[in-house]
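Residue-level structural notes
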Amino acid sequence: MNNFNSQVGCQTSRDGDDGVLYQFESVEDVENNLQNLEEPLIPVISGSIFNNITASLFLKHSKTRGLLVLEDDEIEVGSYSPEKACPGNGFNLKENAEEVAPRQCLSKNIWNPDGNWLSYYDFPFGVFIIKSKSQKEVIISKAKANKENSLLKSYPLWGGEVKAFMNSAQNTDTCMRRGTCDPIGGVNINVNIIPKTEDDKRPIILFVTKADATAYFKDLSFGGKDSGASVALLLGVVKALSNVRDNDKNNDFNSILKSDFMVTFLQGESFDYSGSQRLAYQLKNKQYGMKAYNISLDDVKCIIEIGPISISNELYLHSTQPDSDETVKEIQDLFTKYTESTDFQFKTRRGMPPASINSFLREDETKSSVLLTDGDTELLSHVFGSRYDILDNNKALTTKVKNLIKIIGNVALQLAGGKESPQVEVEESLVGEILDCILVNQNCTLLQRLRPKTYQLHDGRLNRYSSVGQRSNYSTSLQLLAQELSKKEFDLTKEKCNATFMSPWVPYLPPYLLDDTCYGIIINRTTAQSPAFKLKEYNSTKYSTWTESRWSPNFQVRLFLMASTSENTTMGCCGLVYFVVMSALIFQCHRRSDQIFPSAS
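In this report, we go over the structure that sits alongside the text. For clarity, every value in this text was computed on a predicted model and none was experimentally measured. In this convention, every chain numbers its residues from 1, walking through the sequence in written order. A pLDDT threshold of at least 70 governs which residues receive local features in this predicted model, and a stricter bar of 80 or more applies before side-chain atom pairs are shown or counted, although totals over entire chains, interfaces and linings include all residues. As a rule here, side-chain values come from all non-hydrogen atoms in the structure, and water together with hydrogens is ignored.

**Things to note about the overall build of the chain**
Spelled out, the test is: Counting from the N terminus, the helices are the DSSP runs of H or I reaching at least four residues and the strands are the DSSP runs of E reaching at least two. Burial classification: accessible surface area is computed with a 1.4 Å probe over protein chains only, and a residue below 20% of its type maximum counts as buried, one above 50% as exposed, and the rest as partly exposed. Residue contacts are counted whenever heavy atoms from the two residues lie within 4.5 Å of one another. Surface accessibility follows the Shrake-Rupley procedure with a 1.4 Å probe radius. Residue values consider only the protein chains on display as shielding. The sign given to each residue is positive for Lys and Arg and negative for Asp and Glu; His and the chain ends receive no count. Note that the charge is assigned to NZ on lysines, CZ on arginines, CG on aspartates and CD on glutamates.
Scanning the chain from terminus to terminus reveals 17 helices and 21 strands. Viewed in the frame of its principal axes, the chain has a C-alpha envelope of about 120 × 60 × 45 Å. Buried positions account for 55% of the 601 residues belonging to the chain. The long-range fraction of contacts in the chain, counting pairs at least 24 apart against all pairs at least 6 apart in sequence, stands at 79%. Surface accessibility of the chain: about 26800 Å² in total, with carbon and sulfur atoms responsible for 49%. Of the side chains in the chain, 64 bear a positive and 73 a negative charge, and the two mean positions are spaced by 4 Å.

**Comments concerning the packing of helix H5 (residues 224-246) against helix H10 (residues 395-415)**
What counts is decided by this rule: As a rule, the C-alpha atoms of each element are fitted with a line to give its axis, helices using only the stretch in contact, and angles between N-to-C directions run from 0 to 180 degrees. Should an angle fall under 35 degrees it is taken as roughly parallel, and over 145 as roughly antiparallel, whereas 65 to 115 is taken as roughly perpendicular and any remaining angle as oblique. By definition, turning the near helix anticlockwise from the far helix through less than a right angle yields a left-handed crossing, and turning it clockwise yields a right-handed one. When residue character is reported, Ala, Val, Leu, Ile, Met, Phe, Trp, Tyr, Cys and Pro are called nonpolar, Asp, Glu, Lys and Arg charged, and the others, Gly included, polar.
Contact pair H5 / H10: the axes reach a minimum separation of 9 Å and the direction vectors enclose 55°. If you check the angle between H5 and H10, you find them oblique. Between H5 and H10 lies a crossing of right-handed hand. Residue-level contacts link Leu 233, Gly 236, Val 237, Ala 240, Leu 241 and Val 244 of H5 to Val 401, Leu 404, Ile 405, Ile 408, Gly 409, Ala 412 and Leu 413 of H10. In the contact of H5 with H10, the residues fall into eleven nonpolar, two polar and no charged.

**Here we look at unusual backbone geometry**
The backbone phi angle of Lys 94 is positive, close to 65°, even though this residue is not glycine. Examined against the element boundaries, Lys 94 turns out to sit in the loop between strand E4 (66-70) and strand E5 (122-123). Since its relative accessible area comes to 69%, Lys 94 is described here as exposed. Positive phi values are uncommon outside glycine, yet Tyr 273 reaches one of about 65°. Along the chain, Tyr 273 falls in the loop between strand E11 (260-266) and helix H7 (274-284).

**Digging into the side chain of Ser 81**
Worth spelling out the cut-off: Polar contacts here mean pairs of N or O atoms no more than 3.5 Å apart (in protein, one a potential hydrogen donor and the other a potential acceptor; neighbouring residues in sequence count only if both atoms are side-chain atoms).
With respect to the helices and strands, the residue Ser 81 is situated in the loop between E4 and E5. Overall, the relative accessible area of 1% leaves Ser 81 in the buried class. One polar contact links the side chain of Ser 81 to the main-chain carbonyl oxygen of Phe 384, over a distance of 2.7 Å.

**Here we look at empty space enclosed by the protein**
Short version of the rule: Here a cavity means grid points, on a 1 Å grid over the protein atoms only, where a 1.4 Å probe fits yet cannot get out; a pocket means an open set of points with protein on both sides within 12 Å along at least five of seven lines; lining residues are those with an atom within 4 Å of a point. Grid points are joined across faces, edges and corners, and a volume is the space filled by probe spheres set on the points.
According to the stated counting rule, one finds three cavities of 30 Å³ or more in the structure shown. Here the largest cavity is characterised by a volume of approximately 320 Å³. As for the largest cavity, its lining consists of 27 residues, and the residues nearest its centre are Pro 87, Lys 210, Asp 226, Pro 354 and Phe 384. Breaking the lining of the largest cavity down by element, the ones donating at least two residues are strand E10 (204-210), H5, strand E12 (300-306) and strand E15 (369-373). Of the residues assigned to the lining of the largest cavity, the class counts are twelve nonpolar, eight polar and seven charged. Lining the second largest cavity are Lys 225, Pro 308, Ser 310, Ile 311, Asp 374, Leu 379, Leu 380 and Ser 381.

**Digging into the state of the cysteines**
To keep things clear, this is the line we draw: Two cysteine sulfurs form what is called a disulfide whenever their separation falls within 2.5 Å.
Enumeration over the complete set of coordinates arrives at four disulfides. There is a disulfide in this structure between Cys 175 and Cys 181, and the S-S distance comes to 1.9 Å. Between Cys 175 and Cys 181 the disulfide shows an S-S torsion of about 75°. By sign, it is right-handed. The two residues Cys 175 and Cys 181 agree in class, both being buried. Unpaired in this structure, Cys 574 has its nearest cysteine sulfur neighbour in Cys 573, at a distance of 7.0 Å. Given the relative accessible area of 46%, Cys 574 is considered partly exposed.

**Describing the sheet that holds strand E18 (residues 518-521)**
The following threshold applies: Criterion used throughout: strands pair if DSSP finds at least two bridges between them.
Spatially, the three strands line up as an open sheet ordered E16-E18-E17, and their pairing is antiparallel. Pairing within the sheet leaves two strands with one partner each, and these edge strands are strand E16 (488-490) and strand E17 (506-508). Between one strand and the next, the sheet's axes are offset by a mean angle of 45°, whatever the strand orientation. In the sheet, E17 pairs with E18 via three bridges, with the strands oriented antiparallel. Counted as the bridge partner of Pro 507 is Gly 520 from E18.

**Some details on the nonpolar core**
Convention followed: The definition of a nonpolar core used throughout is a set of buried Ala, Val, Leu, Ile, Met, Phe, Trp, Tyr and Cys residues joined through side-chain atoms within 4.5 Å.
In terms of nonpolar packing, the biggest core is built from 76 residues, with Val 191, Phe 207, Leu 235, Phe 261, Phe 265, Phe 335 and Phe 346 touching the most fellow members. Examining the composition of this core, we find that eleven residues originate from one element, H5, more than from any other. When sequence neighbours within four positions are dropped, the list of residues in contact with Phe 265 reads Val 187, Asn 188, Ile 189, Val 191, Thr 209, Ala 211, Val 231, Leu 234, Leu 235 and Leu 478. Judged by nonpolar contacts, the second largest core, of 38 residues, contains Val 27, Phe 50, Val 69 and Phe 222.

As structure tokens, this is what we get:
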């Protein structure tokens, strides 16, 4: 991957690289034995010791030709975060990316103290994770057989070849000009609860949350504690507010409220807030939406971001606004009043840690904004940005999220000028299903109902990595859930539903529908690519510039028996001598062929 001033990740030469397999069983094993190995090497290590210490040692060792990381059978680790110690470094409020030095934080407040920056190393060799149990067993047996030889001196030895050639190089500006990389981003999914008309000038209460996740090996980006529970929580808030809307028989809900609601799931946030930067840019320049939904940042009354909330019941309301900001004070007062009647403690804090909300504050520092999260001065999760960031659903988590949905839903209603409503309740079974889909199984029961029968996924956790393009299993699944939870029923037949123009509602006919029911939704998908790519400012320090290299499709790891370098040289020399001698012999035989084979006459 590349940004405005560097490249990170790993790659091999165009034809691949090979070396002798050698297993290291601990960090101490690497420290003590690596420098004694003189042959071209492909180390084999467990995932738990793939960190900045071992990475630095392998980078310094000139004979390293690749690295095989074996996925751990046990997924519980104390602390492991390959991310920055200061997420969004250079793109938070009052920070300048031009001042960023490699693997150093601009802020003195370290939000992720476990961060070891591993994801931001540049490896000149391929790094592969091996997940298959049978493949791991084969590799371990070959590597251990090699290790039994003293310093790899007894041949033949088992070798490996890794091939993962990347086309881009240097930085984003260079690779975009050469056409060898693509912008990272994905899509932002924006949900509106109340239909707007062009005469409706009510301000917007904007709820946002980071929707994506990352890990060194991108296919294992689960982000359960980081943003998974927050996404499920905000989906529940969408359902809660939709319940209030749909039970409003006299249209009191719409007429009484002085503000409208918009809920946005931001992707690309793992890459210096790409998605929130794009939304903030669109709002600032009035490029978001059409007709009634063509809104600007001035139309936004306040922004409430839901950060990590899964670990503690002690939650913090972070804001940079002064005490004179009445909207922020109202938000804080509304939340803190629930401290006495619930299991949660809500506390206010001055300042803004790394969060998506910084993108909006960089466009308008005076905007009323609050971050709700369980972190006070640092992240509570010790596995941020890693493949170990998983979260299993259970009764306690389901109950916690259900109760938070009720609190946030009622805060939203009161903030908009309404009152608390019993309709804000969301069934606990539905909350559990949403959590299962986001955290545990992408082939969950709820998504099975919502997807077309021809589009089904295997069991396993939902990979929430934001890559290039706007289509992924995750973005599709997230949109399906948002549609289902925000839908409104109309008194129309299925045929009239498709034929009737219900602006701003869009007809929604889920695949499970067996009767003539007609539903409508108000959902807008927008690109989460950084504004830098719209402006073609590929060396921008104001906006994120992360790109992903285009690569050769022939990714592979293969094993084979290899002879020593001296043996190969000897065999090569012998072959050359044999070739010269035989060539001379054939030449002489050809010259004297008439003597060797005299004619019959």
